[in-house]
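Structure at a glance
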Amino acid sequence: MTPRDPGATGRPGLLVEELSVDYPGRDSPVHAVDAVSLSVEPGGALVLLGESGSGKTTLARTVLGLPGRNARVTGRIRLGATDLRALTEREFSRVRGSRIGYVPQDPTGSLDPLRRIGPQITEVLRRHRVVTTRRAARDAVPGLLTTAGIPEPERIARSFPHELSGGLRQRAAIALAVACEPELLIADEPTTALDALVRSQILDLFGGLRSRHGIAVLLVTHDLAVARRVGGQVAVMRAGRIVESGPADQVLSRPAHHFTAELVAARAGARR
Ligand SMILES: Nc1ncnc2c1ncn2[C@@H]1O[C@H](COP(=O)(O)OP(=O)(O)OP(=O)(O)O)[C@@H](O)[C@H]1O
């Protein structure tokens, strides 16, 4: 991957304005996301922090263009100069994987269990025309696996997902997500299934992708420790709304909103 100057465009990588997502409910609509505005600049990180059901995943999936068929979406979403809400489904499928990478909680959600890691990456590179020949795609694989912190990339490229540890599988999923050098990487609870050491290593990897490649990271978590480790900005969500946002160390050390204070206190209580 080539380094990109994080501030080169001088404009926010991702800009979300007044975004609302409703689903039909039994009696009245469910306001899963309610008039949310946020931005993530190139090379920056925004952690969406909140309890289960607060709307984090719905927000992330809507930015990915996958809010669900029954969703009613209003508001604006821009990536660089592109109005994502104006794209057709066909146009959006070209943006996903090339300009927006996605890392799910469970890497088996993005890796094909029946194919070796290497061919999965070459297929993405060729589908999005990052390279034109099979040979060039194959040559790019070890470097991409190395970028994702994978040792022995040639051996891993020949492995099937089930032959890898959970941490290596998640790294392979990250390599797949950043293969086309996206401007934005969306990660939804990417470390929940991993042990503490591997979790820290993966979160540090996101830091490297930000600083060295200028990728903007939008990370969804319910875990305060993850938000602290990622650093950057935090937006605390509750019932579809952002109740507080700002630099992670500030928001998590000196919360201004009582709900954030409760989250911090609950975490401190759980550690005692
Ligand atoms: N496709 C859907 N149809 C109907 N309601 C939905 C749909 N997707 C999400 N919701 C509702 O939207 C609200 C927000 O859910 P969402 O999954 O975004 O929260 P979350 O903060 O990501 O929680 P979790 O961490 O448990 O995934 C919930 O009330 C959920 O039931």
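Throughout, residues of each chain are indexed from 1 in the direction in which the sequence is written. Note on the predicted model: pLDDT of at least 70 is required for a residue's local features to be given, and 80 or more for side-chain atom pairs to be given and counted; whole-chain, interface and lining totals, by contrast, use all residues. Think of the side-chain values as coming from all heavy atoms in the structure, minus any hydrogens and water.

Where an unreviewed UniProt entry is consulted, the chain appears under the name ABC transporter ATP-binding protein, with the organism given as Streptomyces fildesensis.

What to know about the packing of helix α6 (residues 166-178) against helix α7 (residues 196-213)
Working note: a packed helix pair is described by the angle between its axes plus the distance between those axes. Convention followed: Think of each axis as a best-fit line through the C-alpha atoms, taken over the contacting stretch in the case of a helix, with angles from 0 to 180 degrees between the N-to-C directions. Under the scheme used here, helices are H or I runs from DSSP no shorter than 4 residues and strands are E runs no shorter than 2 residues, and both carry numbers assigned from the N terminus. By definition in this entry, angles of less than 35 degrees are roughly parallel, angles greater than 145 are roughly antiparallel, angles of 65 to 115 are roughly perpendicular, and the rest are oblique. Handedness of a crossing is defined here by the sense of rotation of the near helix relative to the far one, left-handed for an anticlockwise turn of less than a right angle and right-handed for a clockwise turn. Residue contacts are defined here by distance: any two heavy atoms, one from each residue, within 4.5 Å place the two residues in contact.
Here α6 crosses α7 at 15°, and the two axes come no closer than 10 Å. It follows from the interaxial angle that α6 and α7 lie roughly parallel. By crossing handedness, the relation of α6 to α7 is classed as right-handed. For the pair α6 and α7, the contacting residues are Gly167, Gln170, Arg171, Ile174 and Val178 in the first and Val198, Gln201, Ile202, Leu205, Phe206 and Leu209 in the second.

Examining the domain arrangement of the chain
Just so we agree on the cut-off: An automatic or database domain assignment supplies the start and end points of every domain. Put simply, buried area is how much 1.4 Å-probe accessible surface two parts lose in total, over both of them, once they are put together. Any carboxyl oxygen of Asp or Glu within 4 Å of a side-chain nitrogen of Lys or Arg constitutes a salt bridge here. Pairs of N or O atoms within 3.5 Å make up the polar contacts considered here, provided that, within protein, one atom can donate a hydrogen while the other can accept it, and that residues adjacent in sequence are counted only when both atoms are side-chain atoms. Each residue receives one of three labels: charged for Asp, Glu, Lys and Arg, nonpolar for Ala, Val, Leu, Ile, Met, Phe, Trp, Tyr, Cys and Pro, and polar for the others, Gly being one of them.
Assigned domains within the chain: domain 1 (7-99 + 183-272) and domain 2 (110-181). Contact residues are listed per partner, giving 17 residues for domain 1 and 13 residues for domain 2. Between domain 1 and domain 2, roughly 1,100 Å² of surface is buried when both sides are summed, and carbon and sulfur atoms account for 68% of that area. If you look at where domain 1 meets domain 2, you find zero salt bridges. Along the contact surface separating domain 1 from domain 2 lie two residue pairs in polar contact (both at pLDDT 80 or more). For the side of domain 1 that touches domain 2, the residue count by class is nine nonpolar, five polar and three charged.

Topic: the site of the ligand
Counted only if it meets this: Any residue with a non-hydrogen atom lying within 4 Å of a molecule or strand is treated as near it.
Lining the immediate surroundings of the ligand are Tyr23, Val30, Ala32, Glu51, Ser52, Gly53, Ser54, Gly55, Lys56, Thr57, Thr58 and Asn70. Measuring from an oxygen atom of the ligand, one finds a backbone N or O atom of glutamate 51 at 3.4 Å. Here an oxygen atom of the ligand and a side-chain polar atom of threonine 57 are 2.8 Å apart. For the shell around the ligand, the secondary-structure elements that each account for two or more residues are β2 (30-40) and α1 (56-63).

Overview of the UniProt feature "domain: ABC transporter" (unreviewed entry) in the chain
The criterion, for reference: UniProt positions are given in the numbering used here, feature names are shortened, and annotations may be inferred rather than shown by experiment.
UniProt marks residues 14-264 with the feature "domain: ABC transporter" (unreviewed entry), using the numbering shown here. Helix makes up 38% of residues 14-264 and strand 26%, with an end-to-end C-alpha separation of 28 Å.

Describing the sheet that holds strand β3 (residues 45-50)
What counts is decided by this rule: We treat two strands as partners when DSSP finds at least two bridges between them.
Here six strands make up an open sheet; going across it, the order is β6-β7-β8-β3-β9-β10 and the pairing mixed. With partners counted over all chains shown, the strands left at the sheet margins are β6 (100-103) and β10 (241-247), one partner each. The average undirected angle you get between the axes of adjacent strands in this sheet is 15°. By the bridge criterion, five bridges tie β3 to strand β9 (residues 233-238) in an arrangement that is parallel. When the sheet's bridge partners are listed, leucine 49 is paired in β9 with valine 236. The sheet contacts of α6 involve β6 and β7 (184-188), and relative to β6 the element is tilted by about 165°.

Considerations on the side chain of threonine 191
Spelled out, the test is: Exposure categories follow from relative accessible area, calculated using a 1.4 Å probe and restricted to protein chains: below 20% of the type maximum is buried, above 50% is exposed, and the middle band is partly exposed.
Note that threonine 191 resides in the loop between β7 and α7. Residue threonine 191 is classed as buried on the basis of its relative accessible area, which comes to 3%. Residues within four places of threonine 191 in sequence aside, it is in contact with Arg199, Ile202, Leu203 and Val226.

So, the side chain of serine 98
With respect to the helices, strands and loops of the structure, serine 98 is situated in the loop between α2 (89-95) and β6. Given the relative accessible area of 16%, serine 98 is considered buried. Within the structure, serine 98 has its side chain in polar contact with the backbone oxygen of arginine 94 (distance 2.4 Å). Excluding its chain neighbours within four sequence positions, the residues that come into contact with serine 98 are His128, Cys180, Glu181 and Pro182.

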